[in-house]
Amino acid sequence: MFSTLVKYHGVFKNKRRAGIFQNYIFDMMQLLQQQHFFLLNPTQSTATHTIHNMSSDLYTTIEATTGLPKVEQPLGLFIDNEFVSSTQGEKYDTFNPSTMTKIASFYIGDEEDVNKATISSRKAFDGIWSKTSPRERNALLRKLGELIKRDKEKIALLDCLDAGKPYYSNALIDIDQIVELTEFFSGSSEKFTMGDTIPISTNKYCYTVRDPFGVVALFFRWNYRFALGCWKIQGALAAGNT
């Protein structure tokens, strides 16, 4: 997967492979600056729970009845550093895959929403993210890991609800692994963008330069949505993409 994150340029090497695409395009760096990290996807549960609708139709509070923490869950699309309703206002219902009870209704993005997100990500790439050093990306991803660790019980609850899997024996352990994954990607920021110097004679050498693609999008399936999202999003950010 890592080789899909950068472009290669060199005297003897010019290789470009397909990027990774997904309809959730957002500026993770701005999210880190806010020091919040939310699961932006539908939620489903094996535990009994209640939904408390707030005054805004962009959030709802999910509260499990098993003593787990309350979670303020966004229902909108994350575009240009805020949660917003979709252009058409269309929503879809999500259900608990183990009980098939309705959990909440989320906004559905269409082509116009994706275009807005792409433009926002391009502005973030051209204006800020492409100018960050690997060391700065390393520090921001380490901060992300700290935030995930801080809120792991809430994220694990959402992951439990999303996939209908056990909380203590599965979802909570998965979040611990994601913290380790985030530490790996933070340390990989310099490695992903580090080129090679290749001696070809006593007085000549070739070198390669790795450049980020820019805006990338990601696809991931429902059953490990948070884990798969972190694998792809963090790798793309570490390589300098938005």
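So, a few notes on the structure that sits alongside this text. (Residues numbered from 1 in each chain as written. Predicted model: local features only at pLDDT ≥ 70, side-chain atom pairs only at ≥ 80, totals over all residues. Heavy atoms only, no water.)

### Examining the packing of helix H5 (residues 167–192) against helix H6 (residues 225–238)
Where H5 contacts H6, the two axes come as close as 8 Å, and the packing angle between them is 15°. The orientation of H5 relative to H6 falls into the category roughly parallel. Crossing of H5 against H6: the hand is right-handed. Along its contact with H5, which presents Ile175, Ile178, Leu181, Thr182, Phe185, Ser189 and Phe192, the element H6 presents Phe226, Ala227, Cys230, Trp231, Gln234, Gly235 and Ala238. Of the residues belonging to the contact of H5 with H6, the class tally is 10 nonpolar, four polar and no charged. (Axes fitted to C-alpha atoms, helices over the stretch in contact; angles between N-to-C directions. Helix = DSSP H or I, 4+ residues; strand = E, 2+ residues; numbered from the N terminus. Parallel < 35°, antiparallel > 145°, perpendicular 65-115°, else oblique. Left-handed = near helix turned anticlockwise from the far one by under 90°. Contact = heavy atoms within 4.5 Å. Nonpolar A, V, L, I, M, F, W, Y, C, P; charged D, E, K, R; others polar.)

### Quick notes on the pairing of strand S8 (residues 102–107)
Within S8, five of the six residues are buried, which leaves it mostly tucked inside the rest of the structure. As paired elements, strand S7 (residues 91–95) and S8 share five bridges and run antiparallel to each other. Bridging across to S8, Thr94 finds its partner in Ala104. Joining the antiparallel neighbours S7 and S8 is a turn of six residues, in which Met100 adopts a positive phi near 60°. (Buried < 20%, exposed > 50% of the residue type's maximum accessible area, 1.4 Å probe, protein only. Pairing = 2+ DSSP bridges.)

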